[in-house]
Amino acid sequence: MNPDHLFLGTRQDNMDDMKQKGRQAWGTRKSSAKLTDQQVVEIRESSLPQSAIAKQYGVGQSLICGIKTRKRWKHVT
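This is a predicted model, so every value here is computed, not measured.

Let us look at the overall build of the chain. Tallying secondary structure elements over the chain gives four helices and zero strands in all. Going residue by residue from the N terminus, the α and β elements of the chain occur as α-α-α-α. Within the chain, buried positions represent 21% of all 77 residues. Restricting to contacts in the chain with at least 6 residues of sequence separation, those with at least 24 account for 46%. Accessible surface for the chain amounts to roughly 6,100 Å². Of this, 51% is attributable to carbon and sulfur atoms.

Even without a glycine there, the phi angle at Arg 70 is positive, about 60°. With respect to the secondary-structure elements, Arg 70 resides in the segment after helix H4 (61-68). With relative accessibility at 46%, the residue Arg 70 sits in the partly exposed group. We note that Trp 73 has phi near 55°; this positive angle belongs to a residue other than glycine. Within the secondary structure, Trp 73 is located in the segment after H4. On the basis of relative accessibility, which here comes to 13%, the residue Trp 73 falls in the buried class.

Cut-offs used in this document
- Residues numbered from 1 in each chain as written.
- Predicted model: local features only at pLDDT ≥ 70, side-chain atom pairs only at ≥ 80, totals over all residues.
- Heavy atoms only, no water.
- Helix = DSSP H or I, 4+ residues; strand = E, 2+ residues; numbered from the N terminus.
- Buried < 20%, exposed > 50% of the residue type's maximum accessible area, 1.4 Å probe, protein only.
- Contact = heavy atoms within 4.5 Å.
- Areas by Shrake-Rupley, 256 points an atom, 1.4 Å probe, with all protein chains shown as cover.

Okay, here's the thing in structure tokens:
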């Protein structure tokens, strides 16, 4: 083990460092992901009400809202 790369910090410091270095799981890299990138594209293009889309994909309406406003699944264009 090489401790030279470690630094003292809080949990938030550790989370910020992980995010800055691109080491966090997102999208389909997350084991808990319920959607694929293609489904996210379909959701963004859909004109159905968000509640109907949520029911169609088996997810919550708040996730659909986040996808539509590009606050969630930001990596999908």
